[in-house]
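Report on the structure
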Amino acid sequence: MKKFLVRLTGVAALMLVINSVSFAQFSLGLQGGIAKSDLEDSKTIAGGGINLRVFASPNFAIGVAGKIYSDGTDYRVAGQTLSYTGNLVPVTGTLDYYFGTGFIRPYVGGDAGVYFSKYNAKFNGEKIAESKNHSNFGAAPRAGVIFALNDNIGLQVEGIYHFIFGNKDNTANAGNVGNADFESTKQFGGVNVGLIIGLGGGK
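Residues numbered from 1 in each chain as written. Predicted model: local features only at pLDDT ≥ 70, side-chain atom pairs only at ≥ 80, totals over all residues. Heavy atoms only, no water.

Inspection of the secondary structure assignment puts Ala56 in strand β2 (residues 44-57). Along the chain, Ala56 and Gly200 lie 144 residues apart, while their C-alpha atoms are 8.3 Å from each other. (Helix = DSSP H or I, 4+ residues; strand = E, 2+ residues; numbered from the N terminus.)

What follows deals with the nonpolar core. Within soluble globular proteins, side chains that are nonpolar generally end up buried alongside one another. Formed by Ala35, Ile45, Tyr69, Leu88, Tyr115, Ala140, Ile160, Ile164 and Phe188, the largest nonpolar core amounts to nine residues. One finds Ala61, Tyr107, Ala148 and Ile196 within the second-largest nonpolar core, a separate group that totals eight residues. (Core = buried A, V, L, I, M, F, W, Y, C linked by side-chain atoms within 4.5 Å. Buried < 20%, exposed > 50% of the residue type's maximum accessible area, 1.4 Å probe, protein only.)

Attention shifts here to the pairing of strand β8 (residues 153-167). As paired elements, strand β7 (residues 134-148) and β8 share nine bridges and run antiparallel to each other. Paired with Arg142 across the bridge in β8 is Ile160. Two successive antiparallel strands, β7 and β8, enclose a turn made up of four residues. As paired strands, β8 and strand β9 (residues 180-197) are joined by 15 bridges and run antiparallel to one another. Bridging from a neighbouring strand, Phe163 pairs with Gln187 of β9. (Pairing = 2+ DSSP bridges.)

Let us look at the pairing of strand β4 (residues 80-98). The sheet contact formed by strand β3 (residues 60-77) and β4 spans 16 bridges and is antiparallel. Bridging from a neighbouring strand, Ile62 pairs with Leu95 of β4. Linking β3 to β4, which pair antiparallel, is a turn of two residues; within it Ala78 sits at a positive phi near 50°. Sheet analysis places β4 next to strand β5 (residues 104-123), joined by 17 bridges and oriented antiparallel. When the bridges of β5 are listed, Ser83 appears paired with Lys122. Following β4, the chain reverses through five residues before pairing antiparallel with β5.

Quick look at the packing of aromatic side chains now. Counted under the stated rule, the structure contains seven aromatic pairs. Pairing Tyr97 with Phe99 gives two aromatic rings, centres 5.2 Å apart and planes at 80°, and the pair type is edge-to-face. Accessibility expressed as a relative area gives 40% for Tyr97, which makes it partly exposed. According to the relative accessible area criterion, Phe99 is exposed, its value standing at 52%. (Phe/Tyr/Trp six-rings, centres within 6.5 Å; stacked < 30°, edge-to-face > 60°.)

As a further point, take the pattern of salt bridges. Two side chains that carry opposite charge are able to pair once their charged atoms sit near each other. Per the stated rule, a full pass over the model turns up five salt bridges. Salt-bridge contacts for Asp96 lead to Arg53; the nearest nitrogen and oxygen are separated by 2.6 Å. You can see Asp96 sitting in strand β4 and its partner Arg53 sitting in strand β2, a full 43 residues away along the chain. The burial state of Asp96 is the same as that of Arg53; both residues are buried. Put simply, Lys67 and Asp111 hold a salt bridge, and the shortest N to O gap is 3.3 Å. Of this pair, Lys67 sits in strand β3 while Asp111 is found in strand β5, placing the two residues 44 residues apart along the sequence. Summarising the burial analysis for this pair, Lys67 and Asp111 share the class buried. In this structure, a network of salt bridges that share partners links the residues Arg53, Lys67, Asp96, Asp111, Arg142 and Glu158. (Salt bridge = Lys/Arg side-chain N within 4 Å of Asp/Glu carboxyl O.)

Turning our attention to the environment of Tyr75. Locating Tyr75 in the fold gives a position in strand β3. Overall, the relative accessible area of 46% leaves Tyr75 in the partly exposed class. Here the alpha-carbon distance between Tyr75 and Phe123, two residues 48 residues apart in the chain, equals 9.5 Å. Sequence-distant contacts of Tyr75, defined by excluding residues within four places in its chain, comprise Gln80, Thr81 and Leu82. (Contact = heavy atoms within 4.5 Å.)

Have a look at this one:
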């Protein structure tokens, strides 16, 4: 009897996997957006990215995403120019839940992964300082809506809020998850607009 139940459970699990695989649909997203830190007098920065998701059902998708945010400021004093530039690159896993499969598809989601950053400074066009590559763990809750233009193409608008955690050992690189200092965070919010190819379900 026990062997029969084990086999039955195995067959049921296999059928579930086959059903999920037969439904699974890839989704490619391209985004552009703006973001702003919670620090006083911070400036708005621009960014963009790409994501790849797989729909396990019409309402649920998992995937990976990569984004880049760039910042830069020029300071001019007595005819001299000091330039500062920096890049922040989150590379994350993603989860999304969609509340419908019609023309308007609201959703909630989240990202979690590693945020890479690097900064440099130039004086009159000559590089005078360059930081090492830094990495920190981070997470970002998201919420938005997709407007399905047809079964496979949609326009996306979402709000996102990033939490970048410090490193407990104060090193430049995160290392492992146990090194994340969840009490020390940098935060910034943003708005993304994008094009989605592959929507995971019919209208």
